[in-house]
Amino acid sequence: MAFPSDSDILHLKIEAQARDIERLTTAQALVENALDGITLVSMENRLVYANTSFKAMCGYGHDAVGRSLADFYSPEELDRLTREVVPELLGKGTWSGTLEVRRPDGSTWMGQTSAFVVRDAAGAPTGMAAFFRDVTAQLEAEQARERLQEELIQAQQRALRALGTPLLPIADRVLAMPLIGDIDAERAQQIMETLLDGITRHQAATVILDITGVKVMDTAAADALVGAARGARLLGAEVVMTGTSPKVARTLVDLGADLRGIVTRGALQSGIAWALARNHG
């Protein structure tokens, strides 16, 4: 059996080194040309490596390497890194989340970050590597969608409140507000605002509050009706309450609602008739 000569061994070593260099060159090219930012930070919190993408993202360019983390983050974000991110990273070995990175001109960008601890052969940590993806535009778009959705919800709520507290002109200086469903604190405020605004706009002398559709009367609803009537009288309008069921009437009595100054009629039609007659008179 022939043993390899020294020249053969040397040749094999050269080939192995060439393959290692090729793999290292390929890996370096992949890292340098990655769209995501890639960094390596020492245990002293100083940037020791940054690829081309991160240098462009952070705004420092080739001057990024060698800088402290304090150059890349606001005091608040740096405090978060110190108290939350780094301890979790060192404890678990990995961390992922979003960091707000600051450029030298003071502007910021949001980096979706995945970090891990780099260790030596003995397992001791030697640094912290991280991948950054700029998600600023994505987050801004999501926030814009959330704002739009919130505006749509508020618009729908306003529309529903308007439908729930309609104010109908039925004759010259006579308004009617038919109320349906439960009256909570928010709706009570809406009733008051709609009624007083309507009285002012229409210069109403009489307002009919029809509570035929109010099946449950509690303190909030009673206070809403009494408050609406008091506010209407302050504006010079008289209030007529119609559609009071026996159950609601008993509840109003039990609650001690002060209905003095409020004209009551059994049905909406009789309330309208009373208001028209008074208006005519």
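Look up a bit, the structure's there.
Described below are features of the structure shown in this document. (Residues numbered from 1 in each chain as written. Predicted model: local features only at pLDDT ≥ 70, side-chain atom pairs only at ≥ 80, totals over all residues. Heavy atoms only, no water.)

**Considerations on the overall build of the chain**
Scanning the chain from N- to C-terminus turns up 8 helices and 10 strands. Looking at the chain as a whole, 32% of its 281 residues are labelled buried. At a minimum sequence separation of 6, the contacts of the chain that also span at least 24 residues come to 52%. In the structure as shown, the chain presents an accessible area of about 16,900 Å², 57% of it carried by carbon and sulfur atoms. (Helix = DSSP H or I, 4+ residues; strand = E, 2+ residues; numbered from the N terminus. Buried < 20%, exposed > 50% of the residue type's maximum accessible area, 1.4 Å probe, protein only. Contact = heavy atoms within 4.5 Å. Areas by Shrake-Rupley, 256 points an atom, 1.4 Å probe, with all protein chains shown as cover.)

**Here we look at the sheet that holds strand β5 (residues 125-134)**
Spatial ordering of the open sheet is given by β2-β1-β5-β4-β3, a layout of 5 strands whose pairing is antiparallel. Each edge of the sheet is formed by a strand with only one pairing partner; in this case those strands are β2 (47-50) and β3 (94-102). Across the sheet, the mean angle from the axis of one strand to that of its neighbour is 30 degrees, orientation sign disregarded. Here 6 bridges tie strand β1 (residues 37-42) to β5, and the two strands are oriented antiparallel to one another. (Pairing = 2+ DSSP bridges. Axes fitted to C-alpha atoms, helices over the stretch in contact; angles between N-to-C directions.)

**Here we look at the environment of E77**
Position of E77 among the secondary structure elements: in helix α3 (residues 75-92). Placed 22 residues apart in sequence, E77 and L99 show a C-alpha to C-alpha distance of 7.6 Å. If we skip the residues at most four places from it in the chain, E77 touches T98, L99 and E100. Within the structure, E77 has its side chain in polar contact with the backbone nitrogen of E100 (distance 2.9 Å). (Polar contact = N/O pair within 3.5 Å; in protein donor to acceptor, adjacent residues only side chain to side chain.)

**Things to note about unusual backbone geometry**
We note that N45 has phi near 60 degrees; this positive angle belongs to a residue other than glycine. Within the secondary structure layout, N45 lies in the loop between β1 and β2. In this model, Q203 sits at a positive phi of 50 degrees, which is unusual for a non-glycine residue. Structurally, Q203 is set in the loop between α5 (185-202) and β8 (206-213).

**Description of the environment of G236**
Counting through the fold element by element, G236 comes out in the loop between α6 (219-234) and β9 (238-242). Judged by its relative accessible area of 56%, G236 is exposed. When the C-alpha positions of G236 and Q203 are compared, they lie 9.0 Å apart, and in sequence the two are 33 residues distant.

The analysis is restricted to geometry; functional conclusions fall outside its scope.
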